[in-house]
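Here is what each chain is made of, one letter per residue.
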Amino acid sequence: MIYIGDIMYKVINEKDQLIHLVDEYNDSIFIVLGEKRNLVIDLGMSNDDIKPILEQYHKPYDIVCTHGHFDHVGRSNEFDSIDMSLKDIPLYLDNHAINDELYYIDVHQIKEIKEYYDLGDRKIYTLELPGHTLGSYILIDPINHYIFTGDALGSGCGVWMQVDYSLSIKDYHKSLIDT
């Protein structure tokens, strides 16, 4: 493990080209390293910049936020744009009510999440899984058998369905069955 500021930087599996960053709030940021480009999954809400870490890999990158909660988009102000479900824009805007210390990009800089992200040597697919939020997504790396769930399937403490912008348990169940 290496610390860059307060961010703990650890390599999960170099063979699979996956980097896992954990910020001081225990938020996870994943960097999937590809042959031609990299993919950043979630941004946490660290007090330290994430962009310098990404730029050390000298490849273009896409940023995907699995949903609009502040602990997944908190560092979005470092970037010109992010990809996220546009269904979570109201939630994204309400983040200031939860944590007014974070800075966000203008909603016009949020782009709809893509069906997949082509990294050159593999594609990372996205799958909409509403429940935790209306715009929750998971990402799938079928080559290395990774699924990045954000909070759609829990984050170590179950799926928080009591928070604003969550679906009903019945609707969440339906989205799990339909997916």
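Everything numeric in this text was worked out from a predicted model, so none of it was measured.

Peer 1: A description of the overall build of the protein should follow, citing residues and the corresponding values.
Peer 2: Counting its regular elements, the protein contains 4 helices and 12 strands. Burial statistics for the protein: of 179 residues in total, 50% are counted as buried. Put simply, of all contacts in the protein between residues at least 6 apart along the chain, 50% involve residues at least 24 apart. Surface summary for the protein: the accessible area is close to 9,100 Å², and the carbon and sulfur share equals 52%.

Peer 1: Describe the sheet that holds strand β10 (residues 123-128), naming the residues involved and giving the relevant values.
Peer 2: Strand order in the open sheet formed by 4 strands is β9-β10-β11-β12, and the pairing between neighbours is antiparallel. The open sheet has two free edges, formed respectively by β9 (116-118) and β12 (146-148), since each of these has just one partner strand. Averaged over all neighbouring strand pairs, the angle between strand axes comes to 20°, with direction disregarded. In this structure, β10 lies alongside strand β11 (residues 137-141), joined through 4 bridges in antiparallel fashion. Bridge pairing in β11 links Thr126 to Leu139.

Peer 1: Describe the environment of Asp118, with residues and values.
Peer 2: Inspection of the secondary structure puts Asp118 in strand β9. Between the C-alpha atom of Asp118 and that of Gly34, which follows or precedes it by 84 residues, the distance is 8.4 Å. Here Gly120 takes part through its backbone nitrogen, which lies 2.9 Å from a polar atom of the side chain of Asp118.

Peer 1: So what's going on with unusual backbone geometry? Which residues, and what values?
Peer 2: Backbone geometry at Asn26 places phi at a positive 70°, although glycine is not the residue there. Secondary-structure assignment places Asn26 in the loop between β3 (18-22) and β4 (28-32). In the Ramachandran plot, Asp42 falls in the positive-phi region, its phi being about 70° despite a non-glycine side chain.

Peer 1: Requested: an account of the side chain of Arg75, with residues and values cited.
Peer 2: Mapping Arg75 onto the fold places it in the loop between α2 (70-73) and β7 (82-83). For Arg75, the side chain forms a polar contact with the main-chain oxygen of Ser46, separated by 3.0 Å. Once you skip the residues sitting within four places of it in the chain, Arg75 turns out to touch Leu43, Gly44, Met45, Ser46, Asn47, Asp48, Asp49 and Ile50.

Calculation criteria
- Residues numbered from 1 in each chain as written.
- Predicted model: local features only at pLDDT ≥ 70, side-chain atom pairs only at ≥ 80, totals over all residues.
- Heavy atoms only, no water.
- Helix = DSSP H or I, 4+ residues; strand = E, 2+ residues; numbered from the N terminus.
- Buried < 20%, exposed > 50% of the residue type's maximum accessible area, 1.4 Å probe, protein only.
- Contact = heavy atoms within 4.5 Å.
- Areas by Shrake-Rupley, 256 points an atom, 1.4 Å probe, with all protein chains shown as cover.
- Pairing = 2+ DSSP bridges.
- Axes fitted to C-alpha atoms, helices over the stretch in contact; angles between N-to-C directions.
- Polar contact = N/O pair within 3.5 Å; in protein donor to acceptor, adjacent residues only side chain to side chain.

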